[in-house]
Amino acid sequence: MISLALKSLWFRRGSMALTVLSIAISVALLLGIERVRTQAKENFAGMVSGTDLIVAARGNSVQILLASIMHIGYPASGLSEGAVQHVCSNRNVAWCIPMVMGDSHRGYRVIGTDLIMFDKFRYARNRGLSFREGVVFDGTRKAVIGAQVADGLGYKLGSKILVAHGAGGESLIEHSAAPFEVSGILAPTGTPVDRAIYVSMEGYEAMHEGFGGHENIDPLADADHAEEKSVSAILVGLKSRAAVLGLQRSFGEYRAEPLTAVMPGDTLLELWQLTGIAETALVWISGVVVVIGLVGITTNLLASVNERRREMAVLRAVGAGLPQVAGLILGEALLLTAMGVALGLALSQVALFCLAPVLQARYGFELAAGGILPGEWARMSWILLAGGLVGAIPAYRTYKRSLSDGISIRV
Amino acid sequence: MGTDAPIAAVELSDVRFGWRGASSPLLAISSIHIERGEKVFLAGPSGSGKSTLLGLMSGVLLPQAGSVRVLGHAWESMSASQRDRYRADHLGVIFQMFNLVPYLSVLENVLLPLKFSKLRLGRLARPEREARELLERLGIGAEMLGRPAGELSVGEQQRTAAVRALLGQPEVVIADEPTSALDADNRDAFLELLLAEVGRSGAALVFVSHDRSLASRFDRVVQLADLRAEAQ
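Residues numbered from 1 in each chain as written. Chains lettered and ligands numbered in written order. Predicted model: local features only at pLDDT ≥ 70, side-chain atom pairs only at ≥ 80, totals over all residues. Heavy atoms only, no water.

### A short note on the overall build of chain B
This is how the line gets drawn: Elements are defined by DSSP. Helices are runs of H or I of four residues or more, strands are runs of E of two residues or more, and each kind is numbered from the N terminus. Between the two quantities, the radius of gyration covers C-alpha atoms and the globule rule is 2.2 Å times the number of residues to the power 0.38. Exposure is judged per residue with a 1.4 Å probe applied to protein chains only, and the accessible area is read against the type maximum: over 50% gives exposed, under 20% gives buried, and values in between give partly exposed. Residues are treated as being in contact if the distance between any of their heavy atoms lies within 4.5 Å. His residues and chain termini do not enter the charge count, which takes Lys and Arg as positive and Asp and Glu as negative. The atom standing in for a charge is NZ when the residue is Lys, CZ when it is Arg, CG when it is Asp and CD when it is Glu.
Of regular secondary structure, chain B possesses 8 helices and 9 strands. In terms of C-alpha radius of gyration, chain B reaches 17 Å, essentially the compact-globule figure of 17 Å for 232 residues. Dimensions of chain B, computed from the C-alpha atoms along their principal axes, are close to 55 × 40 × 35 Å. In chain B, which comprises 232 residues, the proportion classed as buried is 55%. If you take every contact in chain B between residues at least 6 apart in sequence, the share linking residues at least 24 apart comes to 73%. Each charge class in chain B was averaged separately, 26 positive and 28 negative side chains, and the resulting centres sit 5 Å apart.

Here it is as structure tokens:
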């Protein structure tokens with residue numbers, strides 16, 4: 001019966017191919033969205049392993065997280081030396097990575113930080129940073145670059161880096177007086193670290209001191225580079241995670257300066273809530289496309305019920321029962337759906353395979369293209385089930401028709 | 001037929017059949033008796049209920065009253081799936097036209113009943129070879145076997161249908177106006193071949209037609225109008 005269904009579909013392959021294609025596209029969309037969504041979350045979650053709190057000037061927690069970890073945008077304002085002291089000298093704080101940002105080099109963000117960063121920063125499942133080549137910066141004129149910076153710009157140990165103000169790819173002002181020299185290249189991490197250039201806090205400051213006057217041109221600079229507010233954000237590791245809630249509140253109540261302490265995990269959830277609306281919309285749209293494809297199958301098969309009356313009579317005459325005749329149509333619907341799902345899966349895999357390098361290069365986002373995730377199996381099963389359900393309509397019609405037609409039809 | 005009461009190929013007794021909602025029955029037949037191996041010409045004008053009678057004989061329709069038996073087994077005593085199986089095992093059917101499943105090749109069409117009947121399959125030592133031989137005898141050459149059924153001429157289609165109805169030696173062959181779509185030459189040739197092959201296989205043949213000129217070549221002629229008159 002399955003071979004019969006296959007041959008029947010092949011016979012009408014022209015119109016069937018279109019319905020299969022529409023199913024395939026919708027399945028590819030559904031699977032692609034799911035894949036990007038789940039992996040985006042895994043990726044983002046992996047960027048902040050081990051950091052208990054992020055402290056910055058008072059602002060939106062999502063913005064602080066995006067700026068300090070994902071290197072998207074900047075904190076609203078900076079922190080004074082006193083605030084940094086206040087946070088880092090707390091007895092519950094195990095380590096403290098100050099970061100200052102605002103400048104870039106050929107599209108890659110330049111971050112002033114402390115040596116402790118290379119020791120304490122964790123990503124993915126508690127993995128530390130390691131060097132592919134070279135060593136940490138040992139002075140104000142040295143820089144450590146991420147793997148992608150090295151690969152993208154072809155930099156090696158000893159290469160010179162000129163830093164521009166602002167984050168744009170084409171910069172107007174370069175701190176040409178203060179070039180940095182690459183002292184180390186980090187191993188790839190699959191996080192924004194790969195696309196960053198790290199220099200010492202002192203080096204970062206020196207760069208600005210050695211280059212006066214540009215603050216007047218760029219209004220952004222006032223907040224970022226005012227001397228008394230030299231730190232953009234602090235990544236904080238605690239001795240005990242139990243203290244995190246108390247510390248978050250206590251830093252938030254710091255009198256001398258308005259601070260916001262952000263718990264990365266919670267803020268990620270907040271971020272997902274923001275992106276969730278778009279995700280939901282996309283899932284709905286692809287769901288609607290699936291429905292359209294399934295409706296296409298049903299109309300296609302329903303339209304053929306009449307023209308296939310003779311075929312059914314012949315099948316009945318050679319001994320096929322009503323259940324088998326109805327099963328043939330149901331089988332055709334299922335086969336069409338299955339082919340659509342299979343083709344859609346292939347399409348989504350190909351698309352992800354092509355997209356993965358682009359995402360990696362642009363957003364440092366590692367997308368595993370191969371394999372099928374459990375959620376994807378579930379989605380495909382649901383679509384197949386739906387195919388069977390909509391196939392039941394023409395199958396039932398065929399059943400009724402065949403019941404009244406018997407084996408002889410006069411047209 | 002060595003027994004005292006040989007089992008009839010097809011037997012109808014006191015059959016009444018009407019479509020739902022109709023006031024009087026379409027068919028009322030007191031008795032039809034077709035022996036095994038007998039070739040019967042069933043005559044009647046269109047609208048006389050020939051197709052309905054064939055539906056009853058092949059167990060697709062069930063009578064409201066009376067009994068229809070094939071090889072001694074009453075259709076009405078079987079379940080729907082038993083009827084399907086029984087039909088596949090013991091009946092070959094040839095239609096007026098469009099006998100073949102368009103998306104199957106000639107050979108696949110001919111072998112189709114064997115998918116539904118283990119009994120008929122079991123009678124053939126080498127089904128495909130025997131199908132080819134039978135097709136050959138009815139003038140369907142090896143070069144046509146792989147072609148889609150839709151590409152055949154009407155005459156070729158009818159002969160292919162005859163082969164399908166005969167393959168695996170079902171005891172009863174029912175032919176519903178199988179020659180009406182053929183021209184005179186083709187009609188005679190087809191009838192010749194059909195009668196010869198039915199004779200070879202020993203099947204009973206119920207041949208329905210309104211073309212009385214063919215009647216003389218059959219063992220017996222049954223008038224459908226007569227049957228209805230009998231009942232009144």
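Now that the structure has been shown, the text picks up again.
### Some details on the overall build of chain A
What counts here: Only the protein chains shown count as covering a residue, and every accessible area follows the Shrake-Rupley method with a 1.4 Å probe.
The helix and strand inventory of chain A stands at 13 helices and 13 strands. For chain A, the residues scored as buried account for 53% of the 411 residues in total. A sequence separation of at least 24 residues applies to 79% of the contacts in chain A between residues at least 6 apart. Looking at chain A as shown, the accessible area adds up to about 18400 Å², and 62% of this sits on carbon and sulfur atoms.

### Some remarks on the state of the cysteines
All names here are of chain A. Formally: Pairs of cysteine sulfur atoms within 2.5 Å are what we label disulfides.
A complete count under the given rule lists 1 disulfide over all chains for this structure. With a sulfur-sulfur separation of 1.8 Å, Cys-88 is cross-linked through a disulfide to Cys-96. With the S-S bond torsion at -40°, the cross-link from Cys-88 to Cys-96 turns out left-handed.

### Brief notes about the environment of B:Ser58
Going by this rule: Between N or O atoms, a polar contact is any pair within 3.5 Å; within protein, one atom must be a potential hydrogen donor and the other a potential acceptor, and residues adjacent in sequence are included only when both atoms are from side chains.
Along the polypeptide, B:Ser58 turns up in the loop between α1 (50-57) and β4 (65-70). Classification of B:Ser58 by relative accessible area gives buried; the value is 0%. With 158 residues separating them along the chain, B:Ser58 and B:Ser216 place their C-alpha atoms 25 Å apart. Contacts of B:Ser58, omitting those with residues within four sequence positions, involve A:Ile407, B:Trp75, B:Arg87, B:Leu91 and B:Ile174. Within the local environment of B:Ser58, its side chain forms a polar contact with the backbone oxygen of B:Leu54, the two atoms lying 2.8 Å apart.

### Examining a nonpolar patch on the surface
Residue and element names in this part refer to chain A. What counts here: What goes into a patch is any residue over 30% in relative accessible area without a salt bridge, connected to like charges within 9 Å or, for nonpolar side chains (Val, Leu, Ile, Met, Phe, Trp, Tyr), within 5 Å. Salt bridge, as used here, is a side-chain nitrogen of Lys or Arg placed within 4 Å of a carboxyl oxygen of Asp or Glu.
Where nonpolar side chains cluster on the molecular surface, the patch consists of Leu-18, Leu-21, Ile-25, Leu-29, Leu-343 and Leu-347 and spans about 500 Å² of accessible area. Of all the elements in the fold, those that place two or more residues in the nonpolar patch are α2 (13-46) and α12 (322-363). If you tally residues by element for the nonpolar patch, the top one is α2, at 4 residues. Relative to the elements of secondary structure, Leu-343 occurs in helix α12.

### Thoughts on the confidence of the model for chain B
How we decide: Looking at any residue, its pLDDT shows the predictor's confidence there, from 0 to 100.
Across chain B, pLDDT averages 84, with 93% of residues at or above 70. Mean pLDDT values for the elements of chain B range from 60 in helix α8 (residues 224-231) of chain B up to 92 in strand β5 (residues 73-74) of chain B.

### Considerations on the interface of chain A and chain B
Formally: Here the quantity called buried area is the accessible surface, traced with a 1.4 Å probe, that two parts lose on coming together, added over both.
Listed as interface residues are 26 residues of chain A and, on the opposing side, 25 residues of chain B. For the pair chain A and chain B, the two sides together bury roughly 2200 Å², of which 63% comes from carbon and sulfur. Connecting chain A to chain B are 2 salt bridges. Where A:Arg316 meets B:Asp84, a salt bridge forms, and the shortest distance between an N and an O atom there is 3.1 Å.

### Quick notes on the nonpolar core
The line we're drawing: As used in this record, nonpolar core signifies buried Ala, Val, Leu, Ile, Met, Phe, Trp, Tyr and Cys residues forming a set joined through side-chain atoms within 4.5 Å.
Counting 42 residues, the largest nonpolar core has A:Leu4, A:Leu315, A:Leu328, B:Val101 and B:Leu112 as the members making the most contacts within it. Broken down by secondary-structure element, the contributors of at least two residues to this core are α1 (2-11), α2, α10 (264-307), α11 (309-317), α12 and α13 (374-405) of chain A together with α3 (106-116) of chain B. With 9 residues, the single largest contributor to this core is α12(A). Ignoring anything within four residues of it in the chain, the contact list for A:Leu315 reads A:Leu4, A:Ala320, A:Val325, A:Leu328, B:Val101 and B:Leu112.

### Structural notes on the pairing of strand β11 (residues 196-200) of chain A
Residues and elements named next belong to chain A. Worth spelling out the cut-off: Any two strands between which DSSP finds at least two bridges are classified as paired.
Summarising burial for β11: 5 of the 5 residues are buried, a large majority. In the sheet, strand β3 (residues 108-113) pairs with β11 via 5 bridges, with the strands oriented parallel. Each residue of the ladder has a partner; that of Ile-111, found in β11, is Tyr-198.

### Brief notes about the pattern of salt bridges
Residues and elements named next belong to chain A. This model, assessed by the stated rule, comprises 19 salt bridges over all chains. Across the pair Glu-376 and Arg-35 runs a salt bridge whose closest N-O atoms are separated by 2.9 Å. In this pair, Glu-376 sits in helix α13 while Arg-35 sits in helix α2, placing the two residues 341 residues apart along the sequence. You can call Arg-35 buried: its relative accessible area is 0%. It is possible to trace a salt-bridge network through shared partners that takes in Arg-12, Arg-308, Glu-311 and Glu-332.

### Some remarks on unusual backbone geometry
Look at A:Arg106: it is not a glycine, yet its phi comes out positive at around 50°. Mapping A:Arg106 onto the fold places it in the loop between β2 (93-105) and β3. If you check the backbone angles, B:Leu71 has positive phi at about 55° while not being a glycine. Tracing the backbone shows B:Leu71 in the loop between β4 and β5.

### Comments concerning the packing of α3(B) against helix α6 (residues 154-166) of chain B
Helix packing for two helices is described by the angle between their axes and how far apart those axes are. Residues and elements named next belong to chain B. As a reminder of what qualifies: Lines fitted to C-alpha atoms define the axes, with helix axes restricted to the stretch in contact, and inter-axis angles between N-to-C directions lie between 0 and 180 degrees. Reported orientations rely on four angle classes, namely roughly parallel under 35 degrees, roughly antiparallel over 145, roughly perpendicular from 65 to 115, and oblique for the rest. Crossing handedness is defined as follows: a turn of the near helix away from the far one that is anticlockwise and smaller than a right angle gives a left-handed crossing, while the clockwise case is right-handed.
The N-to-C vectors of α3 and α6 enclose an angle of 30°; their axes lie 7 Å apart at closest approach. Here α6 runs roughly parallel to α3, going by the angle between their axes. Crossing of α3 against α6: the hand is right-handed. Along the contact surface, α3 presents Val-106, Asn-109, Val-110 and Pro-113, while α6 presents Thr-160, Val-163 and Arg-164.

### A few points about the packing of aromatic side chains
Filter applied, for reference: Aromatic rings from Phe, Tyr and Trp, taking only the six-membered ring of Trp, are treated as a pair when their centres fall within 6.5 Å; an angle between ring planes under 30 degrees marks them as stacked, one over 60 as edge-to-face, and anything in between as tilted. By definition here, charges over rings are those cases where NZ of Lys or CZ of Arg is within 6 Å of the ring centre and within 35 degrees of the ring normal.
A full pass over the atoms with the stated rule returns 8 aromatic pairs over all chains. Look at B:Phe207 and B:Phe218: their rings are 4.9 Å apart centre to centre, the planes differ by 45°, and that puts the pair in the tilted class. Taken as a pair, B:Phe207 in strand β8 (residues 204-209) and B:Phe218 in the loop between β8 and β9 (220-223) lie far apart in primary sequence, 11 residues in all. Like B:Phe207, the residue B:Phe218 is buried in the burial classification. One aromatic cluster in this structure is built from A:Phe118, A:Phe131, A:Phe137 and A:Tyr198. Above the face of the A:Tyr74 ring, A:Arg109 is positioned so that its terminal group lies 4.3 Å from the ring centre.

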